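The chain contents come next:
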Amino acid sequence: MKLTSFISKELHKDLRKEYVKYAKVFPFSEMFHFKIPAKWYRRVIGSLELICGLAMAIVPKDTVKQVANIILVFLMIMAVYSHYMVNDKFERIAPALVFFFMLTGRMVIDFQLKRKAQDENISNGDVKTQKQD
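As the structure is a computational prediction, the values presented were derived from the model and not from experiment.

Caption draft 1: Highlighting the nonpolar core. In terms of nonpolar packing, the biggest core is built from 21 residues, with Tyr19, Tyr41, Leu72 and Leu103 touching the most fellow members. The set of elements that each furnish at least two residues to this core consists of α1 (9–24), α3 (38–58), α4 (62–85) and α5 (90–132). In this structure Tyr19 touches Lys2, Ala38, Tyr41, Arg42 and Ile45, once residues within four positions along its chain are discounted.

So this is what it looks like as structure tokens:
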């Protein structure tokens, strides 16, 4: 909906108005001394969300999923920051918070599964090493 009005014209129009405010509070604009156009800010964020979401859903490679997850977590942090800085109501902040916690939970679970598999490989390797001795 950030990219096109195909799904909902009203929501797309609302997002266009909101991103004018969000572009003004973009956290890196003061640091790098530039202003980002609201149109491009909305398009870049929407494109990144779409690409990362598709990567997490379709791409089988785990490293790609992790990178996409990290990018989306970063985008959700920026979304919460932007909503907070323009004094949006909690109803507008809540979806970004929910997605942030879901993505963070996914990262934690993935980390735990990898660590468990690594620990099992190490313990199996130790058993094989002891049998060979």
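There's more to say after this.
Caption draft 2: Focus on the UniProt feature "transmembrane region" (unreviewed entry) in the chain. Per the UniProt annotation, the sites labelled "transmembrane region" (unreviewed entry) are residues 67–86 and 92–109. Between the C-alpha atoms that bound residues 67–86 the distance is 29 Å, and the span itself is 95% helix and 0% strand. Split by type, residues 92–109 is 100% helix and 0% strand. Its first and last C-alpha atoms lie 27 Å apart.

Caption draft 3: Representation of a positive patch on the surface in the model. Residues Lys13, Arg16, Lys17, Lys39 and Arg43 make up a contiguous surface patch of positive charge. Elements that contribute at least two residues to the positive patch include exactly α1 and α3. Counting residues per element, the positive patch draws most heavily on α1, which supplies three residues. Structurally, Lys17 can be placed in helix α1. Exposure remark for Lys17: the relative accessible area of 54% places this residue in the exposed category.

What counts and how
- Per chain, residues are indexed from 1 in the order of the written sequence.
- Given that this is a predicted model, residues contribute local features only at a pLDDT of at least 70 and side-chain atom pairs are listed and counted only at 80 or more, while totals for whole chains, interfaces and linings are drawn from all residues.
- Hydrogens and waters are ignored; side-chain quantities use all the structure's heavy atoms.
- By nonpolar core we mean a set of buried residues, namely Ala, Val, Leu, Ile, Met, Phe, Trp, Tyr and Cys, connected to one another through side-chain atoms within 4.5 Å.
- Residue exposure (1.4 Å probe, protein chains only): buried if accessible area is under 20% of the type maximum, exposed if over 50%, otherwise partly exposed.
- The helix count covers DSSP runs of H or I at least four residues long, the strand count covers runs of E at least two residues long, and both are numbered beginning at the N terminus.
- Residue contacts follow a heavy-atom distance rule, with two residues in contact if any of their heavy atoms lie within 4.5 Å.
- UniProt positions are given in the numbering used here, feature names are shortened, and annotations may be inferred rather than shown by experiment.
- Patch building starts from residues that exceed 30% relative accessible area and form no salt bridge, then joins like charges within 9 Å and nonpolar side chains (Val, Leu, Ile, Met, Phe, Trp, Tyr) within 5 Å.
- Method for areas: the Shrake-Rupley scheme with a 1.4 Å probe, in which residue coverage is limited to the protein chains shown.
- We define a salt bridge as a side-chain nitrogen of Lys or Arg found within 4 Å of a carboxyl oxygen belonging to Asp or Glu.
- Positive charges are assigned to Lys and Arg, negative charges to Asp and Glu, while His and the chain termini are left out of the count.
- Here the site of a charge means NZ on Lys, CZ on Arg, CG on Asp, or CD on Glu.

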